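Coordinates in review
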Amino acid sequence: MGTAYVIGTHDTKSDELGYVAELLEAAGTRVSRVDVSTGGGPTTAADVQAGEVAAHHPDGTDAVFTGDRGSAVGAMAVALERYLLSRDDVDGVLGLGGSGGTAVITPAMQALPVGVPKVMVSTVASGDTAPYVGASDIAMLYSVTDVAGLNRISRMVLGNAAHMLAGAVAASVPVADDRPAAGLTMFGVTTPCVTAVRERLGDDVDALVFHATGTGGKAMEKLVDDGLITSVLDLTTTEIADLVVGGIMAAGPDRLDAIARTRVPYVGSCGALDMVNFGSRDSVPERFADRLLHEHNAQVTLMRTTAQENAAIGRFLAGKLDACTGPVLFLLPTGGVSVLDAPGQAFWDPDADEALFTAIEQHVRRPERIMRVPHNINDPEFADAAVAAWREVLGQ
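Before going into details, it helps to say that this report is about the structure given with it. (Residues numbered from 1 in each chain as written. Predicted model: local features only at pLDDT ≥ 70, side-chain atom pairs only at ≥ 80, totals over all residues. Heavy atoms only, no water.)

**What to know about the packing of helix α9 (residues 238-245) against helix α11 (residues 307-323)**
To keep things clear, this is the line we draw: Every axis in this analysis is a line fitted to C-alpha atoms, fitted for helices over the stretch in contact. Angles between the N-to-C directions lie between 0 and 180 degrees. Helix and strand definitions follow DSSP, with helices as H or I runs of at least four residues and strands as E runs of at least two, each counted in order from the N terminus. Each angle gets one of four labels, with under 35 degrees taken as roughly parallel, over 145 as roughly antiparallel, 65 to 115 as roughly perpendicular, and the rest as oblique. Crossing handedness is read from the near helix: turned anticlockwise from the far helix by less than a right angle, it gives a left-handed crossing, and turned clockwise, a right-handed one. Any pair of residues with heavy atoms lying within 4.5 Å of one another is described as a contacting pair.
Close contact between α9 and α11 brings their axes to 10 Å; oriented N to C, the two are set at 115 degrees. Considering the angle they form, α9 stands roughly perpendicular to α11. Crossing geometry of α9 relative to α11 is assigned as right-handed. Two secondary-structure elements touch here, α9 through I240, A241, L243, V244 and V245 and α11 through E309, A312, I313, F316 and L317.

**Let's talk about the packing of aromatic side chains**
By convention here, two paired aromatic rings are described through the distance between centres and the angle between planes. Formally: When two rings of Phe, Tyr or Trp (its six-membered ring) have centres within 6.5 Å they constitute a pair, described as stacked for plane angles under 30 degrees, edge-to-face for angles over 60, and tilted for the intermediate range. Note on classification: 1.4 Å probe, protein chains only; a residue is buried when its accessible area is under 20% of the maximum for its type, exposed when over 50%, partly exposed between these limits.
The tally for this structure, following the rule as stated, stands at 2 aromatic pairs. When the ring of Y5 is compared with that of Y83, the centres are 6.4 Å apart and the planes differ by 70 degrees; the resulting orientation is edge-to-face. Note that Y5 is positioned in strand β1 (residues 3-8) and Y83 in helix α3 (residues 69-85), a separation of 78 residues in sequence. With a relative accessible area of 2%, Y83 lands in the buried category. Ring centres 5.7 Å apart and planes at 45 degrees place the aromatic pair F278 and F288 in the tilted group. With F278 in strand β10 (residues 275-278) and F288 in the loop between β10 and β11 (293-297), this residue pair connects regions lying 10 residues apart in the sequence. The pair formed by F278 and F288 is uniform in burial state, with each residue classed as buried.

**With respect to the sheet that holds strand β14 (residues 370-373)**
What counts is decided by this rule: Whether two strands pair comes down to DSSP finding at least two bridges between them.
Within the open sheet, the 6 strands sit side by side as β7-β6-β8-β9-β13-β14. Their pairing is parallel. Of all strands in the sheet, those with a lone pairing partner are β7 (206-211) and β14, marking the two edges. Strand-to-strand twist across the sheet, computed as the mean angle between neighbouring axes with direction ignored, equals 20 degrees. The sheet contact formed by strand β6 (residues 181-186) and β7 spans 6 bridges and is parallel. When the bridges of β7 are listed, G183 appears paired with L208. Strand contacts of helix α12 (residues 350-363): β13 (328-333) and β14, with the helix running at about 155 degrees to β14, the strand carrying the most contacts.

Rendered as structure tokens:
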């Protein structure tokens, strides 16, 4: 039988932590109460004292109990992550906290495998939760009132959180699947391509599709690192355009690093590298006011990349591909990289595309990994080429 870990600062939130622990135990769940206070003193209600957690910091407890709140919070986050990863009985995690507690607890939650239930009750859950959730499956629950005592509101919210976790722990979902898992990246403007590739892969492959909105790329690479994805068809690398040019859907500078670390078989392409993403039209930075813009919808405005920007994107991609020592093929769809990048469409610009393709070819150290495909990325022939490349990197 596994354990639900209830985590928080017992020096300030002991009553609230005790309340959710009692509800979990009443629901038949084994509980371990973990203290992540940074004051350094013992707390009687915790099963795992803060000092025990802090001892997991690579520099020891002195690195955590510094007397400075800022450095202590960051160090305790490191220690808690290492502590939870050292356990083999984590069936679920429930955290309570304000901004500091949330910053301590959620990095450890992110480090746990996808599928382990994670509920974070937080005072900052109604704002931008991306830094706290990352690419993980953390359920953020807004506390409504501060996590500062039990009252008629907090009892309801905390009770809901406890029962959410108890239900998830008690009713785990069977996910046994002997099929190989392939990760695919997709955007609205590359949907025909990915749909056709999925059809060609057939039912013998468990195709996991990720929306390339920044978080999607991170999520896919987390699953690659976790060993839950065994090959990748990264056909939509648009997140790199946002990173290089300054859009809002970048997956960060470590995009493709999981491919390099794991040497997972990889097929990539230039899907939607003709565009950079912004919010509503009035959110587009002033420096881009004279650029070619396309309103995808009221909340998403796309900006066509220039030849100069595409050359920079190509150099970035070449460097990332060179770091990958596993089997790799990267396809260049010379007929256009999206639905909008086709003859008669808003972003059709063969010269800008050629700058991208040429930069990749000129800067990559192993040119045999790069293959031009004389079709638009959404043409059926490109899907055929992508699946053939995937079979090649798998050695089939």
